[in-house]
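Below, each chain spelled out in residue letters.
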Amino acid sequence: MCGIVGYIGTCQAAPVLLDGLSKLEYRGYDSAGIAVYDGNKIQMQKAMGRLKVLEEMTQNGATLPGTVGIGHTRWATHGAPSDLNAHPHFNKDHSIVVVHNGIIENYLKLKKKLMSKGYEFLSETDTEVIAHMLDYYYNGDPLATITKVMHRMEGSYALGILFRDHPDEVYAVRKDSPLIVGTSKSGNLIASDVPAVLKYTRDVYFLENEGGYEHFMLKEMHEQPKAVKDTLTPRIKNGDVVIEELGMTDEEIRTISKIFIVACGSAYHTGVTAKYVFEKLARIPVEVDLASEFRYRDPILPENTLVVIVSQSGETADTLAALRLAKEKGVRTLGIVNVVGSSIAREADNVMYTWAGPEIAVATTKAYSTQLIAQYLLAMKFAKVRGTVSQNDFDAMIQSLERLPEQISLLLSHKENVQRFANRYLAAEHVFFIGRGIDYAISMEGSLKLKEISYIHSEAYAAGELKHGTISLIEDGTLVIGVLTQPKLYEKTISNMVECKSRGAYLMGLTTFGNYNIEDTADFTVYIPKTDPHFATSLAVIPLQLLG
Ligand code: BG6
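Let me begin by describing the structure that accompanies this report. Predicted, not measured: the structure shown is a model, and the values here were computed from it.

To continue, consider the overall build of the protein chain. The number of helices and strands found in the protein chain is 18 helices and 23 strands. Taking the principal axes of the C-alpha coordinates as reference, the protein chain spans close to 85 × 55 × 45 Å. Within the protein chain, the proportion of its 548 residues that are buried is 56%. For the protein chain, long-range pairs separated by at least 24 residues make up 69% of all intrachain contacts whose partners lie at least 6 apart in sequence. Of the roughly 23,300 Å² that the protein chain leaves accessible, carbon and sulfur atoms contribute 52%. Treating the 55 positive side-chain charges of the protein chain as one cloud and the 65 negative ones as another, the clouds have centres 1 Å apart.

Shown next as structure tokens:
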């Protein structure tokens, strides 16, 4: 079994690496090597046989000056024991160097591709493929480059990597091969096993498997269980909904006679869901407006109106202008905002923060999910105060809300299913999303994600409306995605899907576990866990984000 050690700190790296490798000798090895960076040049020394040979060659590390380095003891798997096959391995201009434990199962395929691009190989190892792949994909950003390479490699690996452009960094990543990080005052270490670092530190961290995402949107999608939990948990106290920042007395809540929800893009779509939830639970009429429309149409805002402004950034120009207009008209405003201290947060009468954390991807995912939560809580609070919901139903809804983070995690963990479907349909040119009620709101977001991320034209249609003209666009093989999370509307939407099928559509169904008879109609189905139908958007949106 091979061994890895890496070091970055204030001491000379080579002696630390050699010492660390000696603690891993018990794993067995046939050759060893180290690479050390002095801020100018990455120098390497490798030798077949015992570690002693390497120690002598380098005068116990003295010939390789520098305070950053990686080392390796190799047990041959791909290619015989030899100096050339020993690690580390360089890219072509010696600006990237890598050590590797594990086996890259698809290395021959990758090697062929690299050779066709002009890469020359000095060794017979699978590891050299990694060095050249890093070279091929390098764009100045080591993390993004490593992530890209990881997504192309099959097998197991723990890697230690140095980049000449990044003299103060050692990169470490693992998948199914162990790797630990040790921290100390005089420097930080990586190693394939704890004994290699014990002389320097007892502060040891075990690296998580994999860890990187191909892009921020995917990362943020996976952060949704936490974002939802963080937005929800502080506002549920002893089985009740407590929104201190609302700044409204129960009496004031009771006098509200109309709500406007105003926003752009996905934030607007959360408002479309919230309209159904608010009207059903709190029995208050709700209008949902696109901010870019609201601000120019001189809206009629009766006394006792509450204007809810929803925005991740808190800076979207139309949304901010809509807020200012509502304030000019003298009605109460509430911001639902993610960025603390943003313009909308500062200017709204009151602000309810979503706790999604920074959202880097332009196409929102985790902020969208937290905006939904904030509005569910608001609707439940209003319903409770206004006496439009029974205590039993309220208690059951709290329980459903509290289960959402775990249910979202479950959906994310089954992403391969959606991925396979997406692979089959990536050539689609037109996609229709259909649903009724809340399912229509979900369809709108699913459709936007597909357009925004895949550049595939799609439309969201209220399922019952499709037959009034637009159905003529559905022909053989057109993908139609039916969203059916609302029990009362299930049969209605099924019949709309049947209409599409009779025109040759290929049908994907998105429904709740238990509705298995959908398979009589749909060609492919994704199931979401059972929840209170008011909150189904929070679950059904996950497969649609993944599909996008
Ligand atoms: C769009 C984004 O540009 O802005 C959407 O693509 C987002 O994802 C919309 O929902 C509104 O942004 P914000 O910051 O006001 O929520």
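Now for the sheet that holds strand β18 (residues 350–353). Taken in spatial order, the five strands make up an open sheet running β15-β14-β16-β17-β18, and their pairing is parallel. Edge strands, defined here as strands with exactly one partner in the open sheet, are β15 (286–290) and β18. Neighbouring strand axes in the sheet, compared pairwise and without regard to direction, differ in orientation by 20° on average. Here six bridges tie strand β16 (residues 305–311) to strand β17 (residues 332–337), and the two strands are oriented parallel to one another. Within β17, the residue paired with Val 307 across the bridge is Thr 333. Helix α9 (residues 265–282) rests against β14 (258–263), β15 and β16 of the sheet, and its axis sits at about 175° to β15.

Another aspect to go through is the packing of aromatic side chains. As enumerated under the stated definition, the model contains 14 aromatic pairs in all. Centroid distance Tyr 136 to Tyr 137: 4.9 Å. Interplanar angle 80°. Geometry classified as edge-to-face. Ring centres of Phe 513 and Tyr 527 lie 5.5 Å apart, and the angle between their planes is 20°; this geometry places the pair in the stacked category. Placement of the pair is Phe 513 in the loop between β22 (506–512) and β23 (524–528) and Tyr 527 in strand β23, with a sequence separation of 14 residues. In this structure Tyr 527 comes out as buried when scored by relative accessible area, which is 13%. Clustering of aromatic rings is evident, with ring pairs tying together Phe 421, Tyr 425, Tyr 506 and Phe 524. Against the face of Phe 121 rests Lys 111, its NZ or CZ located 4.9 Å from the ring centre. Seen from the ring of Phe 394, Lys 384 lies directly overhead, with NZ or CZ sitting 4.4 Å from the centre.

Let us now look at the packing of helix α16 (residues 438–454) against helix α18 (residues 536–547). At a minimum axis separation of 9 Å, α16 and α18 run at an interaxial angle of 25°. Here α16 lies roughly parallel to α18, going by the angle between them. By crossing handedness, the relation of α16 to α18 is classed as right-handed. Contacts between α16 and α18 involve Ile 438, Ile 442, Glu 445, Gly 446, Lys 449, Leu 450 and Ser 454 from the former and Ala 536, Thr 537, Ala 540, Val 541, Leu 544 and Leu 547 from the latter. Tallied by class, the residues present in the contact of α16 with α18 amount to eight nonpolar, three polar and two charged.

With antiparallel pairing, the four strands of this open sheet are ordered in space as β5-β6-β7-β8. Among the strands making up the open sheet, the edge pair consists of β5 (89–90) and β8 (171–175). In this fold helix α5 (residues 142–152) packs onto β7 (155–163) and β8, with an angle of close to 20° to the strand it touches most, β8.

Take the site of the ligand next. What surrounds the ligand is the set Cys 264, Gly 265, Ser 266, Ala 267, Ser 311, Gln 312, Ser 313, Thr 316, Val 362, Ala 363, Thr 364 and Glu 452. Within the backbone of Ser 266, a nitrogen or oxygen atom sits 3.0 Å from an oxygen atom of the ligand. In this structure, an oxygen atom belonging to the ligand sits 2.5 Å away from a side-chain N or O atom of Thr 316. Here the ligand has 390 Å² of accessible area as a free molecule, and 79% of this is covered by the chains. Considering every element that reaches the shell around the ligand, the biggest residue donor is α9, with three residues.

Moving on: the pattern of salt bridges. Under the criterion given, the structure shown has 23 salt bridges. Close ionic contact of Arg 297 with Asp 289 constitutes a salt bridge, the shortest N to O distance being 2.6 Å. Judged by its relative accessible area of 35%, Arg 297 falls in the partly exposed class. One network of salt bridges, with partners in common, ties together Lys 258, Glu 287, Asp 289 and Arg 297.

Looking only at α5, the buried set comprises Pro 142, Thr 145, Ile 146, Thr 147, Val 149 and Met 150. Elements in contact with the buried residues of α5: α4 (127–137), β7 and β8. For α5, the N-terminal capping position is held by Asp 141, with its side-chain oxygen 3.1 Å away from the main-chain nitrogen of Leu 143.

A volume near 1,000 Å³ is recorded for the largest pocket. Together, 35 residues line the largest pocket, and Glu 214, His 215, Leu 218, Lys 415 and Gln 419 are the ones closest to its centre. Mapped onto the lining of the largest pocket, the elements with two or more residues apiece are α5, α6 (216–222), α15 (415–424), α16 and α18. Examining the composition of the lining of the largest pocket, we find that six residues originate from one element, α15, more than from any other. Here the lining of the largest pocket is composed, by residue class, of 19 nonpolar, 11 polar and five charged.

Another point: the pairing of β7. Across the nine residues that make up β7, a large majority, nine, are buried. Side chains Gly 155, Tyr 157, Leu 159, Ile 161 and Phe 163 of β7 all project onto a buried face; the interleaved residues Ser 156, Ala 158, Gly 160 and Leu 162 project onto the opposite face, where all are buried too. Here nine bridges tie strand β6 (residues 96–104) to β7, and the two strands are oriented antiparallel to one another. By the bridge assignment for β7, Ile 96 is matched with Phe 163.

Rules of the game
- Residues numbered from 1 in each chain as written.
- Predicted model: local features only at pLDDT ≥ 70, side-chain atom pairs only at ≥ 80, totals over all residues.
- Heavy atoms only, no water.
- Helix = DSSP H or I, 4+ residues; strand = E, 2+ residues; numbered from the N terminus.
- Buried < 20%, exposed > 50% of the residue type's maximum accessible area, 1.4 Å probe, protein only.
- Contact = heavy atoms within 4.5 Å.
- Areas by Shrake-Rupley, 256 points an atom, 1.4 Å probe, with all protein chains shown as cover.
- Lys, Arg positive; Asp, Glu negative; His and termini not counted.
- Charge placed at Lys NZ, Arg CZ, Asp CG, Glu CD.
- Pairing = 2+ DSSP bridges.
- Axes fitted to C-alpha atoms, helices over the stretch in contact; angles between N-to-C directions.
- Phe/Tyr/Trp six-rings, centres within 6.5 Å; stacked < 30°, edge-to-face > 60°.
- Lys NZ or Arg CZ within 6 Å of the ring centre and 35° of its normal.
- Parallel < 35°, antiparallel > 145°, perpendicular 65-115°, else oblique.
- Left-handed = near helix turned anticlockwise from the far one by under 90°.
- Nonpolar A, V, L, I, M, F, W, Y, C, P; charged D, E, K, R; others polar.
- Near = heavy atom within 4 Å.
- Polar contact = N/O pair within 3.5 Å; in protein donor to acceptor, adjacent residues only side chain to side chain.
- Salt bridge = Lys/Arg side-chain N within 4 Å of Asp/Glu carboxyl O.
- 1 Å grid on protein atoms, 1.4 Å probe; cavity = no way out; pocket = protein on both sides within 12 Å on 5 of 7 lines; lining within 4 Å.
- Points joined across faces, edges and corners; volume = space filled by probe spheres on them.

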